[in-house]
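Summary of the model geometry
Each chain is listed here by its residues.
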Amino acid sequence: MSAKKLLRGAIALFAAAALVVGCAQTPAAKSGQFKPGTYTSAAKGMGGDVKVSVTFTANEIAEVKVLEQNETPGVGDVAVEKLPPMIVEGQTLNVDGVAGASISSAAILAAVADCVKQAGGDVAALKAKKAAAATAKAADVTETADVVVIGSGGAGLSAAVSASQGGASVIVIEKMPKVGGNTIISGAAYNTSDPERQKNTPAAAGPESTVMKLIDAAPAGDLHKEMQAQLKSEYAAYKASGSTSLFDSPTLHALQTFEGGDRVGNLVLIKNYTSKTLAGLKWLESMDMKFKDDCFTVLGALWQRSHKPIKPLGTGYIETLMSYVTSHKIPVMLETKAEKLIMKDGRVVGVEAKGPTGNKVTVYAKKGVVMATGGFGKNVEMRQKYNDQWKTLDASIPSTNHPGATGDGIIMGQAVNADLVGMNYIQLLPMGEPGSGSLAGNIEQGVEDRIFVNKQGKRFIAEDARRDVMTQGLYKQTDAYMWVVLDKHSYPTGSTKNNFNETIDELVAAGRAFKADTLAELAAKIKVDPANLEMAVAEFNKAVDAKGGDPFGRTLFSHRIDTPPFYAGARVPTVHHTMGGLKVNVDCQVIDTKNVVIPGLYAGGEVTGGLHGSNRLGGNALPDTVVNGRIAGASAAAAK
Ligand code: ADP
């Protein structure tokens, strides 16, 4: 919890505690619904207890305050902002939770209900009561802009900013009650080769065999052959320079992306993308976004080129882009769900949408519409329809995604004959929190310093492998359940945070991670065979010392796991990213089933297909949204 939140909470709690004493002395109002006063209560949210205070007059809920909370930034805290006024305005406990923040919403409602009980109110009646002023259906709306962007995740907001920078007027429509999509709850790693930052990364972090394999592989075509020759000469120049820093280049990034997706991806798109990731990063920095000075390897990234934002999760991207959007007065229409593209003479000229009260919203685009609606990880029907890689992707398989990831843009695109590519490639991570499937609670910091063990305490896979390979490996283990095991190198102090803004102490206190001074003690806590766990760690440490010779073929190492405290956190398979989607060209124009550009329609980010092939490398999604969202916005703004 941030110091600010704590402080705010502490002050409010102090005031509330004083008032509760007052309440106890307040005689019950005979004719009123409530015993007037202020009451406090708490209920468990995503990030621990959500504490509220509720002030009652004899017949009214006068005020609801959230005193203390540590809900997911940009997600749960939307419920914290929205629900209290809804309860007061409606004088009811019958309010809809905020979509995407159901756990936080439920916590607030439960704590408020408890306050109602303390005040002698009728909880059941308030739960049944319709809001005092039911929202009337608003009038239909018609708007026009040069560029209309559908979706406000990383791709949509990048498109909005770049279209505006290109001189276009822009309107963004977003179906959820908040901006950010999957981007804001992502691990947020951004892959790019980056000579300045990678100066700090030792050459040892990237094995030569990886580069040589890419150079020597049988070429898939002329462009591939050309890029292999390019990589060969870049690598020779690097060797000749005597550099002791890690080798990297857009060509290496491109060939790893191509091979890491089984050569299914479109190399033209890949080359264009990796040649622009660094410019994309600098573009964000030019808008004041801050990244850490060192690069790391995020899960499944295969190389130490992942950049970590200073702000938690994906909040840095969304705040940065939104600050441009707000200061340039670009309208963002929330709770406005795009349903249909409007065609005129073979061109996309606008969008029909449903507004917050069910009213019709029509937005015309003079230059173009950018589709940036993200993937379909939360659409079980679509997962089942297209999946041919996994045994099942039915509702029993959880997802890291926000509830709005339902593939709407793919369906709207299909209705205007857009071609789809790679729809069968659906990425699972071995990194879901048991139960929710969320990435939250994941204790790994980077690939190098942690191992995975199964319920027997044994390693089973190279933990630096591709995401699909690791998940397939996990499915072969008992209950498809594993433990991430690491030590003090990852958490120098108890207040060190993971990638999801949670400190290790908080995770341990909540029973979401386990801590011990010895491996045997850790094994006892997580109920795995101590001899197996000790052996797994010893075998890993041997490979770290030798920088190779790992029985599972792992090549990325940094520290031994040998310094207490030791930690373990459980993980299961979870649906994360859908690689397939709308077919696009390098200008992010959408292509139809006859391989012809659909005039007026552009797309970027997870709604598109063709970039990541069969498997997206970890850390390649954020730059996809930034680079291709930016291209889509610029192309639309430049349209005649
Ligand atoms: P990307 O990473 O490609 O930017 P995100 O998941 O971060 O994808 O963002 C996609 C955004 O699009 C989400 O905020 C989602 O709610 C929004 N969205 C999805 N479908 C629609 C729709 N039909 N109308 C408006 N917004 C939509």
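Heads up: the structure comes first, above all this text.
Note that the structure is predicted; figures quoted are calculated from it, not measured.

**Overview of the pattern of salt bridges**
Enumeration according to the criterion identifies 24 salt bridges in this entry. Between R512 and E433 there is a salt bridge, with its nearest N and O atoms 3.1 Å apart. Residue R512 is located in the loop between helix 17 (504-509) and strand 17 (514-516), and its partner E433 is located in the loop between strand 14 (426-432) and strand 15 (451-453); the two are separated by 79 residues in the primary sequence. Relative accessible area serves as the criterion here: at 21%, R512 is assigned to the partly exposed category. Across the pair K525 and E521 runs a salt bridge whose closest N-O atoms are separated by 3.8 Å. Of this pair, K525 and E521 are both found in helix 18 (residues 519-526), 4 residues apart, which corresponds to roughly one turn of the helix. According to the relative accessible area criterion, K525 is partly exposed, its value standing at 39%. Residue E521 is classed as partly exposed on the basis of its relative accessible area, which comes to 34%.

**As for the site of the ligand**
Near the ligand you find 27 residues, and of these A155, E174, T183, D408 and E606 are the closest. Note that an oxygen atom of the ligand is positioned 2.9 Å from one of the backbone N or O atoms of A155. One nitrogen or oxygen atom from the main chain of K175 is found 3.1 Å from a nitrogen atom belonging to the ligand. In isolation the ligand exposes 580 Å². Once the protein is present, 98% of that is buried. Per-element accounting of the shell around the ligand gives the leading share, 3 residues, to helix 6 (residues 181-184). Tallied by class, residues from the shell around the ligand come to 7 nonpolar, 15 polar and 5 charged.

**Here's the deal with the pairing of strand 2 (residues 48-56)**
Sheet topology places strand 1 (residues 37-45) next to strand 2; 9 bridges connect them, and they run antiparallel. Note that in strand 2 the partner of A42 across the bridge is K51. Hairpin connection of strand 1 to strand 2: 2 residues between the antiparallel strands. Where strand 2 meets strand 3 (residues 61-68), 6 bridges bridge the pair, whose relative direction is antiparallel. By the bridge assignment, T55 is partnered in strand 3 with E63. Connecting the antiparallel pair strand 2 and strand 3 is a turn made up of 4 residues.

**Here's the deal with helix 20 (residues 621-638)**
With 18 residues, helix 20 extends 25 Å between its outermost C-alpha atoms, agreeing within 8% with the 26 Å of an ideal straight helix rising 1.5 Å per residue. With 15 of 18 residues buried, helix 20 lies mostly within the body of the structure.

**Examining the packing of aromatic side chains**
In this structure the tally under the stated criterion is 13 aromatic pairs. An angle of 70° between the planes, with centres 4.9 Å apart, marks the rings of Y235 and F247 as edge-to-face. With Y235 in helix 9 (residues 222-241) and F247 in the loop between helix 9 and helix 10 (250-260), the pair connects residues that are 12 residues apart, well separated along the chain. As far as the burial class goes, Y235 and F247 line up, both buried. Summarising the aromatic geometry, the rings of F291 and Y317 are spaced 6.0 Å apart at their centres and angled 70° between planes, so their arrangement reads as edge-to-face. Here F291 is found in strand 7 (residues 291-296), whereas its partner Y317 is found in helix 13 (residues 315-327), with 26 residues between them in sequence.

Conventions and cut-offs
Residues numbered from 1 in each chain as written. Predicted model: local features only at pLDDT ≥ 70, side-chain atom pairs only at ≥ 80, totals over all residues. Heavy atoms only, no water. Salt bridge = Lys/Arg side-chain N within 4 Å of Asp/Glu carboxyl O. Helix = DSSP H or I, 4+ residues; strand = E, 2+ residues; numbered from the N terminus. Buried < 20%, exposed > 50% of the residue type's maximum accessible area, 1.4 Å probe, protein only. Near = heavy atom within 4 Å. Polar contact = N/O pair within 3.5 Å; in protein donor to acceptor, adjacent residues only side chain to side chain. Areas by Shrake-Rupley, 256 points an atom, 1.4 Å probe, with all protein chains shown as cover. Nonpolar A, V, L, I, M, F, W, Y, C, P; charged D, E, K, R; others polar. Pairing = 2+ DSSP bridges. Expected span 1.5 Å × (residues − 1). Phe/Tyr/Trp six-rings, centres within 6.5 Å; stacked < 30°, edge-to-face > 60°.

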